Amino acid sequence: MRPFDYVRADDPAGAVAAIAERPGAAYLAGGTNLVDHLKLGITAPDLLVDLGRLDLADIEELPDGGLRVGAMVRNSDLAADPRVRRDHPMLSRALLSGASGQLRNAATTGGNLLQRTRCVYFQDPTTPCNKRAPGSGCSALGGYTRYHAILGASDACIATHPSDMAVALAALDATVVVLGSDGEKRLPLTTLHRLPGDEPERDTVLEHGDLITAVELPPPDRAARTRSTYRKIRDRASYAFALVSVAAVLELDPDAARPTILSARIALGGVAHAPWRARRAEQLLAGAPATRESFRRAAAAELEQARPVAGNEFKVTMAQGVMVSVLAELAGLDEENEEPRDE
């Protein structure tokens, strides 16, 4: 056993100060990811700063109608919150797709976002892994790749980000509130996580000591033709990472003679080192008719940039198919034709 120091922070500023003084320190929230890695011997902080006492476990309404979710809000509580279920059902569905009920009761909002992007090789200290030991190589290349990336990967790492919640938050245009040694800052959630590049050991853009204190959700669009959902494709019905997941928000023009898309926000999970915002698809869909052909063209354009490796080529077709199916569902299209269902 490797010894380490332990302190319980009384306030966010104290937590940040404690971490900043120790380069080898780490935050401990729900512990569902960190404790596993301590047991496996793949991380060894010399100080754990326990965040359990911090007053960051509330969900508050913002003046503009949005929600401020404290970083210590448990995944199960966030999924069950009536305001989230009413205004952001996609987020509730994504949370309930993740892990098990026991883990959702322990995992926190901030901890979920900061869990390591990883694969089976990262969690096996006997194998080379550039995330765990920079410069040692990537064992996944030429290895088991069923769950690995097809978008945005590099020769240094092809692991995928495991969070369901983060995919939904990316499609919602959520904002992350961060407290650092130089004060508080806000950043779009879509900019929080990094693609691997030559530094796969860095999962996010945060600096050492930065503490996520909240996630802010924008006010809901209550327009009658705005719909959202989250769908996860996986090998098991529960407690499994996504092969491919899709979070989508579709706004249709209620005044058009035929269903027309005003805007779309789409994020993919299970395909990249970070939640993948499908910008190409979104641009093609804006102003297009809400038909399967439009959805197929948009999905194909997004996946043109896919670079699968041997063993996960199926993900390209799967991602396209799930995108089309989810968007068609949101548009209310029947299976047999392009006409929306009567509602």
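Check the entry above for the structure.
What you see is a predicted model; the values in this text were computed from it and never measured.

Draft legend 1. Seen up close, empty space enclosed by the protein. Applying the stated rule across the entire model yields 4 cavities of 30 Å³ or more. What the largest cavity holds in volume is close to 70 Å³. Partitioned by chemical class, the residues of the lining of the largest cavity number 11 nonpolar, 3 polar and 1 charged. A volume near 60 Å³ is recorded for the second largest cavity. The residue inventory of the lining of the second largest cavity, partitioned by class, reads 4 nonpolar, 6 polar and 1 charged.

Draft legend 2. Quick peek at the pattern of salt bridges. Using the criterion set out here, one finds 24 salt bridges in the structure. Glu329 serves as the salt-bridge partner of Arg231, at 2.5 Å between the closest nitrogen and oxygen. Taken as a pair, Arg231 in strand E9 (residues 226-233) and Glu329 in helix H11 (residues 314-331) lie far apart in primary sequence, 98 residues in all. Between Glu293 and Arg296 there is a salt bridge, with its nearest N and O atoms 3.7 Å apart. Of the two residues, Glu293 and Arg296 are both situated in helix H10 (residues 292-303); the distance of 3 residues between them amounts to about one turn of the helix. A relative accessible area of 43% places Arg296 in the partly exposed class. Connected through shared salt-bridge partners, Asp173, Arg265, Arg277, Arg279 and Glu282 make up one network.

Draft legend 3. Local environment of the side chain of Lys131. With respect to the element layout, Lys131 can be found in the loop between helix H7 (109-113) and helix H8 (164-171). On the basis of relative accessibility, which here comes to 5%, the residue Lys131 falls in the buried class. There is a polar contact of 2.5 Å between the side chain of Lys131 and the backbone oxygen of Pro200. A polar contact is formed between the side chain of Lys131 and the side chain of His273, at a distance of 3.3 Å. Setting aside residues up to four positions removed in sequence, Lys131 forms contacts with Arg116, Thr117, Phe122, Cys157, Ala159, Pro200, Glu201, Asp203 and His273.

Draft legend 4. The arrangement of the pairing of strand E10 (residues 244-252) in detail. Here E10 lies mainly inside the structure; 8 of its 9 residues are buried. Examined bridge by bridge, E10 and strand E11 (residues 261-269) share 8 bridges and lie antiparallel to one another. Across the sheet, residue Leu252 finds its bridge partner in E11, namely Ile261.

Draft legend 5. Representation of the sheet that holds strand E1 (residues 5-8) within the structure. If you trace the 3 strands from one edge of the open sheet to the other, you get E1-E3-E2, paired in parallel fashion. Two strands lie at the open edges of the sheet, namely E1 and strand E2 (25-28), each paired on one side alone. Adjacent strand axes in the sheet meet at a mean angle of 20 degrees, parallel and antiparallel pairs treated alike. In this sheet, strand E3 (residues 47-50) lies alongside E2 in parallel orientation, the contact comprising 4 bridges. Paired with Leu28 across the bridge in E3 is Asp50. Against the sheet, helix H1 (residues 12-20) touches E2 and E3, its axis set at about 150 degrees to E2.

Conventions used here
- Residues numbered from 1 in each chain as written.
- Predicted model: local features only at pLDDT ≥ 70, side-chain atom pairs only at ≥ 80, totals over all residues.
- Heavy atoms only, no water.
- 1 Å grid on protein atoms, 1.4 Å probe; cavity = no way out; pocket = protein on both sides within 12 Å on 5 of 7 lines; lining within 4 Å.
- Points joined across faces, edges and corners; volume = space filled by probe spheres on them.
- Nonpolar A, V, L, I, M, F, W, Y, C, P; charged D, E, K, R; others polar.
- Salt bridge = Lys/Arg side-chain N within 4 Å of Asp/Glu carboxyl O.
- Helix = DSSP H or I, 4+ residues; strand = E, 2+ residues; numbered from the N terminus.
- Buried < 20%, exposed > 50% of the residue type's maximum accessible area, 1.4 Å probe, protein only.
- Polar contact = N/O pair within 3.5 Å; in protein donor to acceptor, adjacent residues only side chain to side chain.
- Contact = heavy atoms within 4.5 Å.
- Pairing = 2+ DSSP bridges.
- Axes fitted to C-alpha atoms, helices over the stretch in contact; angles between N-to-C directions.

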